[in-house]
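Spelled out from the first residue to the last, the chains are:
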Amino acid sequence: MKLDHITAWNECLSIIKNDISEKSFNTWFSPIKSVKLDNGVLTIQVPNKMSYEWLEAKYIMELKKAILNVLGSKGRLEYKLSLDPDRMRTKSGKLDKTINPFAIPGIKKVKIASNLNPNYRFSNYIQGDCNKMARSAGIAIANKPGETSFNPMIIYGGVGLGKTHLAHAIGNEIKEKNPQHNILYITPEEFTNKIVKAIKEDTIEEFIKFHRHIDTLILDDIQFLGGRKKSLEIFFNLFNIFHQNNKQIILTSDSKPKDLKDMDERLVSRFKWGLIADLQAPEFETRMAIIEEKLKDEEVVFPQAVKDYICFNITGNIRELEGVCTSIIAHANLSDREVNIELAKEVIQKFVSFNNKKVSIENIKTVVASHYRLDIELLNSKSRKREIVLARQISMYLAREFTKHSLESIGSHFGGKDHSTVMYSINTVKDLLHHDDRLSEVVTNLEKEVQFTLKN
Ligand code: ADP
Ligand code: MG
(Lines give C-alpha, C1' and ligand atoms only; values in the text may rest on other atoms or scores of the structure.)
(Ligands and ions follow the chains in the order given, each with its own letter.)
Protein backbone atom coordinates (compact mmCIF):
# COMPACT_ATOMS: atom_id res chain seq x y z
CA MET A 1 0.00 0.00 0.00
CA LYS A 2 1.26 3.48 -0.85
CA LEU A 3 2.20 5.50 2.18
CA ASP A 4 0.40 8.83 2.47
CA HIS A 5 2.00 11.90 4.01
CA ILE A 6 -0.15 11.89 7.12
CA THR A 7 0.65 8.30 8.02
CA ALA A 8 4.31 8.80 7.17
CA TRP A 9 4.63 11.88 9.35
CA ASN A 10 2.70 10.21 12.21
CA GLU A 11 5.09 7.30 12.10
CA CYS A 12 8.03 9.70 12.18
CA LEU A 13 6.49 11.45 15.16
CA SER A 14 6.07 8.24 17.09
CA ILE A 15 9.77 7.47 16.57
CA ILE A 16 10.87 10.99 17.52
CA LYS A 17 8.63 10.98 20.58
CA ASN A 18 10.66 8.12 22.01
CA ASP A 19 13.89 10.00 21.53
CA ILE A 20 13.22 13.38 23.09
CA SER A 21 11.51 14.82 26.17
CA GLU A 22 7.77 15.31 26.15
CA LYS A 23 8.13 19.03 26.67
CA SER A 24 10.43 19.45 23.68
CA PHE A 25 8.15 17.25 21.62
CA ASN A 26 5.11 19.35 22.42
CA THR A 27 6.92 22.60 21.81
CA TRP A 28 8.64 21.79 18.56
CA PHE A 29 6.91 18.86 16.92
CA SER A 30 3.25 19.15 17.83
CA PRO A 31 2.69 22.35 15.79
CA ILE A 32 4.08 20.75 12.61
CA LYS A 33 1.69 19.64 9.88
CA SER A 34 2.55 17.34 7.08
CA VAL A 35 1.84 18.70 3.59
CA LYS A 36 2.72 16.12 0.98
CA LEU A 37 4.78 13.09 0.15
CA ASP A 38 6.23 13.00 -3.34
CA ASN A 39 8.85 10.54 -4.54
CA GLY A 40 10.15 9.94 -1.06
CA VAL A 41 10.25 13.65 -0.24
CA LEU A 42 8.10 14.43 2.75
CA THR A 43 7.17 18.09 3.08
CA ILE A 44 6.25 19.40 6.49
CA GLN A 45 4.96 22.80 7.40
CA VAL A 46 6.53 24.56 10.35
CA PRO A 47 5.01 27.64 11.97
CA ASN A 48 7.94 30.00 11.53
CA LYS A 49 11.57 30.35 10.60
CA MET A 50 12.67 30.03 14.17
CA SER A 51 11.16 26.59 14.53
CA TYR A 52 12.78 25.48 11.30
CA GLU A 53 16.17 26.68 12.49
CA TRP A 54 15.68 25.09 15.84
CA LEU A 55 14.70 21.75 14.34
CA GLU A 56 17.75 21.83 12.09
CA ALA A 57 20.09 22.79 14.87
CA LYS A 58 18.79 20.54 17.61
CA TYR A 59 16.83 17.68 16.17
CA ILE A 60 18.48 16.86 12.88
CA MET A 61 19.64 13.47 14.12
CA GLU A 62 16.20 12.49 15.37
CA LEU A 63 14.61 13.67 12.13
CA LYS A 64 17.12 11.81 10.00
CA LYS A 65 16.62 8.61 11.95
CA ALA A 66 12.84 8.84 11.68
CA ILE A 67 12.92 9.58 7.95
CA LEU A 68 15.34 6.72 7.38
CA ASN A 69 13.08 4.33 9.27
CA VAL A 70 9.87 5.40 7.66
CA LEU A 71 10.92 6.32 4.11
CA GLY A 72 14.15 4.39 3.68
CA SER A 73 17.59 5.65 2.69
CA LYS A 74 16.28 7.70 -0.26
CA GLY A 75 13.79 9.52 1.94
CA ARG A 76 14.15 13.26 2.37
CA LEU A 77 12.55 15.98 4.35
CA GLU A 78 11.58 19.41 3.14
CA TYR A 79 10.25 22.31 5.10
CA LYS A 80 7.56 24.76 4.21
CA LEU A 81 6.96 27.83 6.28
CA SER A 82 3.41 28.78 7.14
CA LEU A 83 4.11 32.46 6.73
CA ASP A 84 1.21 34.73 7.27
CA PRO A 85 0.53 35.99 3.71
CA ASP A 86 0.05 39.53 5.02
CA ARG A 87 3.57 39.52 6.31
CA MET A 88 4.82 38.78 2.85
CA ARG A 89 3.35 41.95 1.43
CA THR A 90 5.45 45.04 1.14
CA LYS A 91 4.14 48.40 2.26
CA SER A 92 2.74 49.07 -1.16
CA GLY A 93 0.60 45.97 -0.81
CA LYS A 94 2.41 44.02 -3.50
CA LEU A 95 3.44 40.48 -2.80
CA ASP A 96 7.14 40.51 -2.16
CA LYS A 97 8.48 37.68 -4.25
CA THR A 98 12.00 38.16 -2.98
CA ILE A 99 11.20 36.97 0.51
CA ASN A 100 13.42 34.08 1.27
CA PRO A 101 11.97 32.15 4.17
CA PHE A 102 15.38 30.99 5.26
CA ALA A 103 17.00 34.40 5.30
CA ILE A 104 17.61 35.86 8.68
CA PRO A 105 15.44 38.91 9.30
CA GLY A 106 17.34 42.15 9.49
CA ILE A 107 20.36 40.78 7.66
CA LYS A 108 20.77 41.14 3.93
CA LYS A 109 22.96 38.75 2.05
CA VAL A 110 26.38 40.14 2.75
CA LYS A 111 29.57 39.74 0.83
CA ILE A 112 32.11 37.63 2.61
CA ALA A 113 35.86 37.79 2.05
CA SER A 114 36.64 34.39 0.62
CA ASN A 115 40.30 34.03 1.70
CA LEU A 116 40.95 32.32 -1.61
CA ASN A 117 44.43 32.41 -3.08
CA PRO A 118 43.90 33.73 -6.62
CA ASN A 119 47.05 31.96 -7.86
CA TYR A 120 45.68 28.47 -7.32
CA ARG A 121 43.58 27.80 -10.41
CA PHE A 122 42.55 24.92 -12.63
CA SER A 123 44.56 26.44 -15.47
CA ASN A 124 47.81 25.83 -13.57
CA TYR A 125 46.71 22.58 -11.92
CA ILE A 126 48.33 20.02 -14.19
CA GLN A 127 46.22 16.98 -14.85
CA GLY A 128 47.62 13.48 -14.54
CA ASP A 129 46.39 10.02 -13.64
CA CYS A 130 47.30 10.89 -10.07
CA ASN A 131 44.59 13.54 -9.78
CA LYS A 132 42.24 12.96 -12.72
CA MET A 133 39.19 11.93 -10.74
CA ALA A 134 39.54 14.62 -8.08
CA ARG A 135 40.20 17.29 -10.69
CA SER A 136 37.17 16.38 -12.81
CA ALA A 137 34.92 16.18 -9.78
CA GLY A 138 36.24 19.60 -8.79
CA ILE A 139 35.30 21.03 -12.17
CA ALA A 140 31.82 19.48 -11.93
CA ILE A 141 31.36 21.08 -8.53
CA ALA A 142 32.61 24.44 -9.80
CA ASN A 143 29.91 24.29 -12.48
CA LYS A 144 27.11 23.48 -10.07
CA PRO A 145 28.15 23.99 -6.48
CA GLY A 146 25.79 22.23 -4.08
CA GLU A 147 23.84 20.61 -6.90
CA THR A 148 25.97 17.59 -7.70
CA SER A 149 26.07 14.44 -5.65
CA PHE A 150 29.64 15.37 -4.70
CA ASN A 151 28.56 17.00 -1.49
CA PRO A 152 30.58 16.97 0.61
CA MET A 153 33.69 16.58 -1.48
CA ILE A 154 36.58 15.21 0.54
CA ILE A 155 39.99 15.58 -1.09
CA TYR A 156 42.55 13.41 0.60
CA GLY A 157 46.20 12.71 -0.05
CA GLY A 158 49.68 13.00 1.41
CA VAL A 159 51.60 16.18 2.09
CA GLY A 160 52.34 18.38 -0.91
CA LEU A 161 50.16 16.51 -3.39
CA GLY A 162 47.90 19.40 -4.29
CA LYS A 163 44.92 19.29 -1.94
CA THR A 164 45.02 22.95 -1.03
CA HIS A 165 45.66 24.01 -4.63
CA LEU A 166 42.66 22.00 -5.87
CA ALA A 167 40.34 23.30 -3.15
CA HIS A 168 41.25 26.90 -4.01
CA ALA A 169 40.94 26.21 -7.73
CA ILE A 170 37.34 25.04 -7.23
CA GLY A 171 36.60 28.13 -5.17
CA ASN A 172 38.18 30.51 -7.69
CA GLU A 173 36.31 28.91 -10.56
CA ILE A 174 32.96 29.19 -8.76
CA LYS A 175 33.69 32.82 -7.97
CA GLU A 176 34.56 33.57 -11.56
CA LYS A 177 31.36 32.01 -12.85
CA ASN A 178 29.22 33.62 -10.19
CA PRO A 179 30.69 36.56 -8.29
CA GLN A 180 27.60 36.67 -6.04
CA HIS A 181 28.31 33.20 -4.70
CA ASN A 182 29.76 33.50 -1.21
CA ILE A 183 32.71 31.22 -0.59
CA LEU A 184 34.65 30.85 2.60
CA TYR A 185 38.03 29.15 2.71
CA ILE A 186 39.08 28.47 6.25
CA THR A 187 41.70 26.45 8.09
CA PRO A 188 40.95 24.54 11.29
CA GLU A 189 43.13 27.01 13.16
CA GLU A 190 41.10 29.99 12.04
CA PHE A 191 37.89 28.08 12.66
CA THR A 192 38.86 27.18 16.22
CA ASN A 193 40.15 30.68 16.79
CA LYS A 194 36.79 32.12 15.86
CA ILE A 195 35.00 29.68 18.12
CA VAL A 196 37.24 30.49 21.07
CA LYS A 197 36.49 34.16 20.49
CA ALA A 198 32.76 33.51 20.16
CA ILE A 199 32.72 31.53 23.39
CA LYS A 200 34.53 34.33 25.20
CA GLU A 201 32.13 36.91 23.84
CA ASP A 202 29.07 34.70 24.13
CA THR A 203 28.32 35.02 20.42
CA ILE A 204 28.20 31.38 19.30
CA GLU A 205 24.72 31.84 17.93
CA GLU A 206 25.84 34.76 15.75
CA PHE A 207 28.84 32.72 14.65
CA ILE A 208 26.57 29.94 13.41
CA LYS A 209 24.17 32.38 11.80
CA PHE A 210 27.01 34.07 9.97
CA HIS A 211 27.60 30.86 8.06
CA ARG A 212 24.15 31.04 6.57
CA HIS A 213 25.49 33.70 4.24
CA ILE A 214 27.97 31.23 2.86
CA ASP A 215 27.17 29.15 -0.20
CA THR A 216 30.36 27.11 -0.37
CA LEU A 217 32.50 26.27 2.61
CA ILE A 218 36.06 25.00 2.17
CA LEU A 219 37.77 23.62 5.24
CA ASP A 220 41.40 22.69 4.59
CA ASP A 221 43.24 20.00 6.54
CA ILE A 222 40.31 18.78 8.57
CA GLN A 223 42.63 16.38 10.42
CA PHE A 224 43.65 19.33 12.58
CA LEU A 225 40.13 19.54 14.00
CA GLY A 226 40.76 16.14 15.58
CA GLY A 227 40.36 16.19 19.34
CA ARG A 228 38.88 19.70 19.42
CA LYS A 229 35.56 18.82 20.89
CA LYS A 230 33.76 22.13 20.72
CA SER A 231 34.99 22.92 17.21
CA LEU A 232 33.91 19.49 16.04
CA GLU A 233 30.51 19.86 17.59
CA ILE A 234 29.93 23.24 15.95
CA PHE A 235 31.32 22.08 12.63
CA PHE A 236 28.99 19.08 12.76
CA ASN A 237 26.10 21.47 13.26
CA LEU A 238 27.17 23.63 10.34
CA PHE A 239 27.75 20.60 8.18
CA ASN A 240 24.15 19.55 8.70
CA ILE A 241 22.79 22.99 7.95
CA PHE A 242 24.89 23.22 4.79
CA HIS A 243 23.96 19.78 3.59
CA GLN A 244 20.27 20.22 4.25
CA ASN A 245 20.26 23.46 2.27
CA ASN A 246 22.23 22.07 -0.68
CA LYS A 247 25.20 24.26 0.00
CA GLN A 248 28.55 22.96 -1.07
CA ILE A 249 31.09 21.64 1.41
CA ILE A 250 34.69 20.91 0.37
CA LEU A 251 37.09 19.35 2.84
CA THR A 252 40.69 18.27 2.55
CA SER A 253 42.36 15.67 4.68
CA ASP A 254 45.82 14.12 4.90
CA SER A 255 44.37 10.67 5.44
CA LYS A 256 41.37 8.57 4.54
CA PRO A 257 38.33 9.76 6.47
CA LYS A 258 38.07 6.48 8.34
CA ASP A 259 41.67 6.85 9.54
CA LEU A 260 41.18 10.36 10.89
CA LYS A 261 42.09 10.54 14.55
CA ASP A 262 39.88 11.89 17.32
CA MET A 263 37.14 12.83 14.88
CA ASP A 264 33.44 12.91 15.56
CA GLU A 265 32.15 9.56 14.28
CA ARG A 266 28.86 11.12 13.22
CA LEU A 267 30.75 13.56 11.05
CA VAL A 268 32.95 10.89 9.47
CA SER A 269 29.89 8.82 8.61
CA ARG A 270 28.38 11.81 6.83
CA PHE A 271 31.46 12.12 4.64
CA LYS A 272 30.19 9.05 2.82
CA TRP A 273 27.18 11.02 1.64
CA GLY A 274 29.37 12.74 -0.90
CA LEU A 275 32.55 12.01 -2.81
CA ILE A 276 35.86 10.96 -1.35
CA ALA A 277 38.55 11.66 -3.97
CA ASP A 278 42.19 10.87 -3.45
CA LEU A 279 45.34 12.44 -4.84
CA GLN A 280 48.19 10.07 -5.60
CA ALA A 281 51.86 10.82 -6.05
CA PRO A 282 52.36 12.16 -9.58
CA GLU A 283 53.77 9.94 -12.29
CA PHE A 284 56.94 10.94 -14.21
CA GLU A 285 55.18 12.77 -17.05
CA THR A 286 53.03 14.75 -14.66
CA ARG A 287 56.08 15.70 -12.63
CA MET A 288 57.72 16.92 -15.84
CA ALA A 289 54.65 18.92 -16.85
CA ILE A 290 54.51 20.53 -13.40
CA ILE A 291 58.18 21.52 -13.55
CA GLU A 292 57.72 23.00 -16.99
CA GLU A 293 54.74 25.02 -15.86
CA LYS A 294 56.70 26.27 -12.89
CA LEU A 295 59.72 27.29 -15.01
CA LYS A 296 57.48 29.03 -17.51
CA ASP A 297 56.00 30.96 -14.63
CA GLU A 298 59.44 31.98 -13.39
CA GLU A 299 60.53 32.73 -16.94
CA VAL A 300 63.61 30.53 -16.74
CA VAL A 301 64.86 27.60 -18.80
CA PHE A 302 66.56 24.46 -17.45
CA PRO A 303 68.43 22.03 -19.69
CA GLN A 304 66.40 18.88 -20.39
CA ALA A 305 68.94 16.71 -18.55
CA VAL A 306 68.45 18.73 -15.37
CA LYS A 307 64.68 18.44 -15.60
CA ASP A 308 65.02 14.69 -16.12
CA TYR A 309 67.34 14.42 -13.17
CA ILE A 310 64.90 16.25 -10.90
CA CYS A 311 61.92 14.19 -12.07
CA PHE A 312 63.75 10.93 -11.54
CA ASN A 313 64.83 11.87 -8.06
CA ILE A 314 61.90 13.70 -6.56
CA THR A 315 58.96 11.38 -6.84
CA GLY A 316 56.55 11.68 -3.98
CA ASN A 317 55.77 15.31 -3.32
CA ILE A 318 54.93 18.22 -5.61
CA ARG A 319 55.84 20.84 -3.06
CA GLU A 320 59.31 19.33 -2.91
CA LEU A 321 59.50 19.30 -6.70
CA GLU A 322 58.74 23.02 -6.77
CA GLY A 323 61.07 23.65 -3.85
CA VAL A 324 63.96 22.04 -5.66
CA CYS A 325 63.35 24.17 -8.77
CA THR A 326 63.10 27.37 -6.71
CA SER A 327 66.24 26.48 -4.88
CA ILE A 328 68.18 25.75 -8.06
CA ILE A 329 67.05 29.07 -9.53
CA ALA A 330 68.10 30.88 -6.35
CA HIS A 331 71.52 29.23 -6.26
CA ALA A 332 72.10 29.94 -9.93
CA ASN A 333 71.19 33.61 -9.47
CA LEU A 334 72.88 34.26 -6.16
CA SER A 335 76.14 32.51 -6.84
CA ASP A 336 76.07 33.08 -10.56
CA ARG A 337 76.28 29.38 -11.31
CA GLU A 338 75.27 27.49 -14.38
CA VAL A 339 72.20 25.28 -14.07
CA ASN A 340 73.58 21.81 -14.55
CA ILE A 341 73.26 18.33 -13.08
CA GLU A 342 75.93 19.06 -10.51
CA LEU A 343 73.96 21.95 -9.06
CA ALA A 344 70.74 19.94 -9.20
CA LYS A 345 72.44 17.10 -7.35
CA GLU A 346 73.66 19.42 -4.59
CA VAL A 347 70.28 21.00 -4.09
CA ILE A 348 68.43 17.70 -4.12
CA GLN A 349 70.80 16.18 -1.60
CA LYS A 350 70.08 19.01 0.77
CA PHE A 351 66.36 18.64 0.25
CA VAL A 352 66.27 14.92 0.68
CA SER A 353 68.42 14.83 3.77
CA PHE A 354 66.43 17.69 5.21
CA ASN A 355 63.22 15.85 4.65
CA ASN A 356 64.52 12.66 6.15
CA LYS A 357 65.65 14.47 9.20
CA LYS A 358 62.93 16.00 11.32
CA VAL A 359 63.31 19.61 12.34
CA SER A 360 62.66 20.00 16.04
CA ILE A 361 61.31 23.00 17.88
CA GLU A 362 64.67 23.19 19.66
CA ASN A 363 66.43 23.52 16.26
CA ILE A 364 64.13 26.36 15.35
CA LYS A 365 64.64 28.14 18.65
CA THR A 366 68.40 27.94 18.21
CA VAL A 367 68.26 29.52 14.76
CA VAL A 368 65.87 32.30 15.80
CA ALA A 369 67.66 33.05 19.07
CA SER A 370 71.00 33.31 17.31
CA HIS A 371 69.57 35.58 14.63
CA TYR A 372 68.17 37.95 17.26
CA ARG A 373 71.20 37.44 19.53
CA LEU A 374 68.97 36.40 22.40
CA ASP A 375 69.34 33.79 25.07
CA ILE A 376 67.18 30.82 24.10
CA GLU A 377 65.56 30.79 27.52
CA LEU A 378 64.00 34.18 26.80
CA LEU A 379 61.84 32.51 24.16
CA ASN A 380 60.21 30.49 26.95
CA SER A 381 59.78 33.48 29.24
CA LYS A 382 56.81 35.72 29.76
CA SER A 383 58.79 38.79 28.74
CA ARG A 384 56.73 41.35 26.81
CA LYS A 385 59.80 43.15 25.43
CA ARG A 386 59.08 43.85 21.81
CA GLU A 387 61.99 42.04 20.27
CA ILE A 388 61.58 38.99 22.47
CA VAL A 389 57.87 38.81 21.71
CA LEU A 390 58.59 38.97 17.97
CA ALA A 391 61.31 36.32 18.16
CA ARG A 392 58.98 34.07 20.13
CA GLN A 393 56.14 34.60 17.67
CA ILE A 394 58.36 33.85 14.70
CA SER A 395 59.65 30.70 16.40
CA MET A 396 56.09 29.50 16.92
CA TYR A 397 55.27 30.31 13.32
CA LEU A 398 58.25 28.27 12.11
CA ALA A 399 57.41 25.44 14.50
CA ARG A 400 54.01 25.24 12.91
CA GLU A 401 55.49 25.33 9.45
CA PHE A 402 58.26 22.79 9.92
CA THR A 403 56.98 20.35 12.52
CA LYS A 404 53.86 18.34 13.08
CA HIS A 405 53.37 19.62 16.62
CA SER A 406 49.86 20.66 17.58
CA LEU A 407 49.25 24.20 18.80
CA GLU A 408 49.02 22.88 22.35
CA SER A 409 52.32 21.10 22.04
CA ILE A 410 54.04 24.14 20.53
CA GLY A 411 52.72 26.18 23.45
CA SER A 412 54.22 23.74 25.92
CA HIS A 413 57.66 24.21 24.29
CA PHE A 414 57.48 27.94 24.91
CA GLY A 415 57.03 27.98 28.65
CA GLY A 416 53.50 26.61 28.72
CA LYS A 417 51.57 29.03 26.53
CA ASP A 418 48.03 27.97 25.71
CA HIS A 419 46.90 27.10 22.21
CA SER A 420 45.08 30.36 21.59
CA THR A 421 48.25 32.32 22.39
CA VAL A 422 50.14 30.17 19.89
CA MET A 423 47.47 30.67 17.27
CA TYR A 424 47.45 34.41 17.91
CA SER A 425 51.23 34.50 17.52
CA ILE A 426 51.15 32.58 14.28
CA ASN A 427 48.43 34.79 12.85
CA THR A 428 50.31 37.91 13.91
CA VAL A 429 53.37 36.76 11.97
CA LYS A 430 51.24 35.85 8.96
CA ASP A 431 49.73 39.35 9.03
CA LEU A 432 53.11 41.00 9.37
CA LEU A 433 54.46 39.00 6.46
CA HIS A 434 51.79 40.50 4.26
CA HIS A 435 52.70 44.07 5.09
CA ASP A 436 56.29 44.13 6.19
CA ASP A 437 58.80 43.38 3.44
CA ARG A 438 61.79 43.58 5.75
CA LEU A 439 60.36 41.05 8.17
CA SER A 440 59.35 38.92 5.27
CA GLU A 441 62.96 38.80 4.18
CA VAL A 442 64.14 37.94 7.69
CA VAL A 443 61.64 35.08 7.95
CA THR A 444 62.57 33.74 4.53
CA ASN A 445 66.21 33.67 5.59
CA LEU A 446 65.35 31.97 8.87
CA GLU A 447 63.37 29.37 6.92
CA LYS A 448 66.37 28.72 4.71
CA GLU A 449 68.61 28.46 7.72
CA VAL A 450 66.30 25.99 9.40
CA GLN A 451 66.28 23.94 6.22
CA PHE A 452 69.88 24.08 5.16
CA THR A 453 72.01 24.73 8.20
CA LEU A 454 70.36 22.45 10.67
CA LYS A 455 70.49 19.29 8.71
CA ASN A 456 74.19 18.77 9.45
P1 ADP B 1 48.80 19.88 -0.07
O2 ADP B 1 47.74 20.85 0.33
O3 ADP B 1 48.26 18.57 -0.55
O4 ADP B 1 49.87 19.69 0.97
P5 ADP B 1 49.42 21.91 -2.04
O6 ADP B 1 48.08 22.09 -2.66
O7 ADP B 1 49.85 22.97 -1.08
O8 ADP B 1 49.55 20.48 -1.36
O9 ADP B 1 50.48 21.74 -3.22
C10 ADP B 1 51.87 21.89 -3.02
C11 ADP B 1 52.45 22.67 -4.18
O12 ADP B 1 52.37 21.88 -5.34
C13 ADP B 1 51.69 23.94 -4.46
O14 ADP B 1 52.59 24.96 -4.78
C15 ADP B 1 50.83 23.60 -5.67
O16 ADP B 1 50.59 24.71 -6.49
C17 ADP B 1 51.66 22.56 -6.36
N18 ADP B 1 50.83 21.56 -7.07
C19 ADP B 1 50.20 20.52 -6.52
N20 ADP B 1 49.54 19.80 -7.44
C21 ADP B 1 49.78 20.41 -8.63
C22 ADP B 1 49.38 20.15 -9.97
N23 ADP B 1 48.62 19.11 -10.29
N24 ADP B 1 49.82 21.01 -10.93
C25 ADP B 1 50.62 22.05 -10.62
N26 ADP B 1 51.02 22.34 -9.38
C27 ADP B 1 50.61 21.54 -8.38
MG1 MG C 1 47.48 21.89 2.10
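The rules behind each value
Residues numbered from 1 in each chain as written. Chains lettered and ligands numbered in written order. Predicted model: local features only at pLDDT ≥ 70, side-chain atom pairs only at ≥ 80, totals over all residues. Heavy atoms only, no water. Core = buried A, V, L, I, M, F, W, Y, C linked by side-chain atoms within 4.5 Å. Buried < 20%, exposed > 50% of the residue type's maximum accessible area, 1.4 Å probe, protein only. Helix = DSSP H or I, 4+ residues; strand = E, 2+ residues; numbered from the N terminus. Domains from an automatic or database assignment. Salt bridge = Lys/Arg side-chain N within 4 Å of Asp/Glu carboxyl O. Polar contact = N/O pair within 3.5 Å; in protein donor to acceptor, adjacent residues only side chain to side chain. Near = heavy atom within 4 Å. Areas by Shrake-Rupley, 256 points an atom, 1.4 Å probe, with all protein chains shown as cover. Nonpolar A, V, L, I, M, F, W, Y, C, P; charged D, E, K, R; others polar. Phe/Tyr/Trp six-rings, centres within 6.5 Å; stacked < 30°, edge-to-face > 60°. Pairing = 2+ DSSP bridges. Axes fitted to C-alpha atoms, helices over the stretch in contact; angles between N-to-C directions. Contact = heavy atoms within 4.5 Å. Lys, Arg positive; Asp, Glu negative; His and termini not counted. Right-handed = clockwise from strand over helix to strand, strands pointing away. Expected span 1.5 Å × (residues − 1).

(A) Structural context of the nonpolar core. In terms of nonpolar packing, the biggest core is built from 30 residues, with I364, Y372, I394 and L398 touching the most fellow members. Here the element with the most residues in this core is helix 17 (residues 386–402); it accounts for eight residues.

(B) Structural view of the domain arrangement of the protein. By domain assignment, the protein separates into domain 1 (5–103), domain 2 (122–279), domain 3 (284–348) and domain 4 (356–454). Measuring from the centre of the C-alpha atoms in domain 1 to the corresponding centre in domain 2 gives 27 Å. Counting the contacts that link domain 1 with domain 2 gives zero salt bridges. Summed over the shared surface of domain 1 and domain 2, the result is one residue pair in polar contact (both at pLDDT 80 or more). Within the residue set of the side of domain 1 that touches domain 2, elements represented by two or more residues are helix 3 (49–58), helix 4 (60–71) and strand 3 (76–81).

(C) Summary view of the site of ligand 1. The immediate surroundings of ligand 1 are formed by 17 residues, with G160, K163, T164, H165 and E322 found nearest. In the model, an oxygen atom of ligand 1 is placed 2.7 Å from a nitrogen or oxygen of the T164 side chain. Contact with the protein chains hides 92% of the accessible area of ligand 1, taken as 560 Å² for the molecule alone. Its residues assigned to classes, the shell around ligand 1 comprises seven nonpolar, seven polar and three charged. Two domains each provide a minimum of three residues to the shell around ligand 1, namely domain 2 (122–279) and domain 3 (284–348).

(D) View of the pattern of salt bridges. A complete count under the given rule lists 14 salt bridges for this structure. D215 is the partner of K247 in a salt bridge, and the nearest nitrogen-oxygen pair spans 3.7 Å. One end of the pair, K247, is in the loop between helix 9 (229–244) and strand 7 (248–253); the other, D215, is in the loop between helix 8 (204–210) and strand 6 (216–219), with 32 residues separating them in the sequence. For K230, the salt bridge identified is with E233, shortest N-O distance 3.6 Å. Of this pair, K230 and E233 both sit in helix 9, separated by three residues, roughly a single helical turn. When its relative accessible area of 39% is taken as the criterion, E233 is described as partly exposed.

(E) Geometry of the packing of aromatic side chains. Applying the stated criterion across every chain, the model contains eight aromatic pairs. Ring geometry for F235 versus F239: centroids 6.3 Å apart, planes at 70 degrees, classification edge-to-face. Taken as a pair, F235 and F239 lie in helix 9 at a separation of four residues, close to a single helical turn. For the pair F235 and F239, one class covers both residues: buried. On the numbers, 6.4 Å between centres and 55 degrees between planes, the contact of F239 with W273 is tilted. Of the two residues, F239 sits in helix 9 while W273 sits in the loop between helix 10 (265–271) and strand 8 (275–279), which places them 34 residues apart along the sequence.

(F) How the structure looks around the sheet that holds strand 7. Ordered in space as 5-6-7-4-8, the five strands form an open sheet in which the pairing is parallel. Here the strands that pair on one side only, and so sit at the sheet edges, are strand 5 (183–186) and strand 8. Strand-to-strand twist across the sheet, computed as the mean angle between neighbouring axes with direction ignored, equals 15 degrees. Across five bridges, the pairing between strand 4 (residues 153–157) and strand 8 is parallel. Among the inter-strand pairings, Y156 is bridged to a residue of strand 8, identified as D278.

(G) Highlighting unusual backbone geometry. In this structure, the amide linkage connecting N151 to the following residue, P152, adopts the cis form with an omega of 5 degrees. Relative to the elements of secondary structure, P152 occurs in the loop between helix 5 (132–143) and strand 4.

(H) Fine view of the environment of L432. Mapped onto the secondary structure, L432 falls in helix 19 (residues 419–435). Once you skip the residues sitting within four places of it in the chain, L432 turns out to touch L390 and L439.

(I) Spotlight on the sheet that holds strand 1 (residues 33–38). Pairing is mixed across the open sheet formed by three strands, whose spatial order is 1-2-3. In this open sheet, the two edge strands, each paired with only one partner strand, are strand 1 and strand 3. Going across the sheet, the axis of each strand differs from the next one's by a mean of 25 degrees, ignoring polarity. By the bridge criterion, five bridges tie strand 1 to strand 2 (residues 41–46) in an arrangement that is antiparallel. The partner of K36 across the bridge, within strand 2, is T43.

(J) Quick peek at the side chain of R287. Assignment of secondary structure puts R287 in helix 11 (residues 284–298). No salt bridge forms around the buried R287; measuring N to O, its nearest opposite-charge neighbour E283 is 7.0 Å away. From its side chain, R287 meets the backbone oxygen of I314 in a polar contact 3.2 Å long. The contact partners of R287, leaving out residues within four places of it in the chain, are P282, C311, I314, T315 and L321.

(K) Quick look at the pairing of strand 6. Neither face of strand 6 is open: one carries T216 and I218, the other L217 and L219, and all of them are buried. The pairing of strand 5 with strand 6 spans four bridges and is classified as parallel. By the bridge assignment for strand 6, L184 is matched with L217. As judged from the four bridges shared by strand 6 and strand 7, these two strands associate in the parallel manner. Of the residues in strand 7, the one forming a bridge with L217 is I249. In this fold, strand 6 hands off to helix 9, which returns the chain to strand 7; that crossover is right-handed.

(L) Quick look at helix 1 (residues 5–19). Here helix 1 is 15 residues long and its end C-alpha atoms lie 21 Å apart, about the 21 Å a rise of 1.5 Å per residue gives. The inward-facing, buried residues of helix 1 contact helix 2 (22–29), strand 1, strand 2 and helix 4. Sitting at the head of helix 1, D4 places a side-chain oxygen 2.9 Å from the backbone nitrogen of I6.

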